[in-house]
Amino acid sequence: MSRTEEFQELRPLLFSIAYRILGSVGEAEDAVQETWLRYEGTATEPRSVKAYLSTTVTRIAIDVLRSARVRREQYVGDWLPEPLLDDPYDDPARVAELADSVSMAALLLLERLSPLERAVFVLREVFDFGFPEVAAAVGRTEAACRQLASRARRHMAAGRPRFEAAREEREQLASRFFDALREGDVDGLQGLLAADVSMVGDGGGKAPQLARAITGASNVARLLGSVFPRMARIEVTFTPHDLNGQPGAIFHDRDGRVLHTMALDVRDGRIQTVRMVINPEKLGHLGPVADAWAIHRELQAARATD
């Protein structure tokens, strides 16, 4: 194969590695593009193209993450990863691990790790790279990488249990949730939420956002049940769609532009967390983006007529 063909064959893997390290679709795509430029520009032919490209994209992503973490510390409000519609990398032998590792809950836990721990965890635990390959990718000894992987596993295991609900069960629960949301059925919503459910919004200071996380089934149900009927009155619609491997939906304004996304964490037969990405800078890869402030003003006007 030509270099272009080899690169395109491995591109899904490279993007999936970079996205899990960075939590950003745009930054992951940039890392993959930079990897191609370096591969195209090297005069020597690597013994293993996969190893070379995986190493290159990992090192680029680590460097980007180090600078991104400074920006995230200054972020306005809650920071959430950019929503991912579909993971391009597919490995039938690791379907559960891949889906779990790309969930928003997992990506937020990965934020707690150092850049090196995060990269080692992604390569070793998610993509099953051998420790010699991991060590070459991050520029550390195998012994050091084993220690990094061990620490990362402990942090991840302590953060939350894995999603145990079968895909069909999650989809059925999400379908009932979005039906109740569409109807403004507060009681129906409350019956699907965990008692300690949390709802978080990420506007980044670029769009209207929750002043703080909303907690408790009754509080979340009342807010959702009152807001969406008003949104429907100004022709805001939503389309259910998996986001980051979990049930969710994409909301659009009357012109079909993306307003925000909503992702649901499901565990123990209840919705544990509702996460909304509203920051327009995180939605551009999904399509044309709506003016969230204009929608907010329309909602305020609709509320005044209630």
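The structure this text deals with has already been given above.
Just so it is clear, the model here is predicted, and its values are computed rather than measured.

To continue, consider the sheet that holds strand S4 (residues 248-252). Taken in spatial order, the 6 strands make up an open sheet running S2-S1-S6-S5-S4-S3, and their pairing is mixed. With partners counted over all chains shown, the strands left at the sheet margins are strand S2 (214-215) and strand S3 (237-240), one partner each.

Time to look at the environment of Glu-6. Among the structural elements, Glu-6 can be located in helix H1 (residues 3-22). C-alpha of Glu-6 to C-alpha of Lys-50: the two residues are 44 residues apart in sequence and 8.7 Å apart in space. Contact partners of Glu-6, with chain neighbours within four places excluded, come to Met-1, Tyr-39, Glu-45 and Val-49.

Packing of H1 against helix H2 (residues 25-41) brings their axes to within 8 Å, and their N-to-C directions diverge by 145°. Helix-helix and strand crossings are classified by hand; for H1 and H2 the assignment is right-handed. Along its contact with H1, which presents Arg-3, Thr-4, Glu-6, Phe-7, Arg-11, Leu-14, Phe-15, Ala-18, Tyr-19 and Leu-22, the element H2 presents Val-25, Glu-27, Ala-28, Glu-29, Ala-31, Val-32, Gln-33, Thr-35, Trp-36, Tyr-39 and Glu-40.

We now examine the packing of aromatic side chains. On inspection of all chains with the given rule, the structure shows 10 aromatic pairs. Geometrically, the ring pair formed by Tyr-89 and Phe-127 is edge-to-face, given 5.4 Å between the ring centres and 65° between the ring planes. Of this pair, Tyr-89 sits in the loop between helix H3 (49-73) and helix H4 (95-101) while Phe-127 sits in the loop between helix H6 (115-126) and helix H7 (131-138), placing them 38 residues apart in sequence. Given a relative accessible area of 23%, Tyr-89 falls into the partly exposed group. Taking NZ or CZ as reference, Arg-3 lies 4.7 Å from the ring centre of Tyr-39, over its face. The ring of Phe-129 carries the charged tip of Lys-50 above its face, separated from the ring centre by 5.3 Å.

Further remarks concern unusual backbone geometry. Trans peptide bonds make up most of the peptide bonds, and negative phi angles are found at most residues other than glycine. Even without glycine at this site, Glu-235 takes up a positive phi of about 70°. By the secondary structure assignment, Glu-235 is in the loop between helix H11 (217-233) and S3. You will see that Asp-268, though not glycine, has its phi angle at about 55°, which is positive. Along the chain, Asp-268 falls in the loop between strand S5 (258-267) and strand S6 (270-277).

Reading the values: rules and limits
- Residues numbered from 1 in each chain as written.
- Predicted model: local features only at pLDDT ≥ 70, side-chain atom pairs only at ≥ 80, totals over all residues.
- Heavy atoms only, no water.
- Pairing = 2+ DSSP bridges.
- Helix = DSSP H or I, 4+ residues; strand = E, 2+ residues; numbered from the N terminus.
- Contact = heavy atoms within 4.5 Å.
- Axes fitted to C-alpha atoms, helices over the stretch in contact; angles between N-to-C directions.
- Left-handed = near helix turned anticlockwise from the far one by under 90°.
- Phe/Tyr/Trp six-rings, centres within 6.5 Å; stacked < 30°, edge-to-face > 60°.
- Buried < 20%, exposed > 50% of the residue type's maximum accessible area, 1.4 Å probe, protein only.
- Lys NZ or Arg CZ within 6 Å of the ring centre and 35° of its normal.

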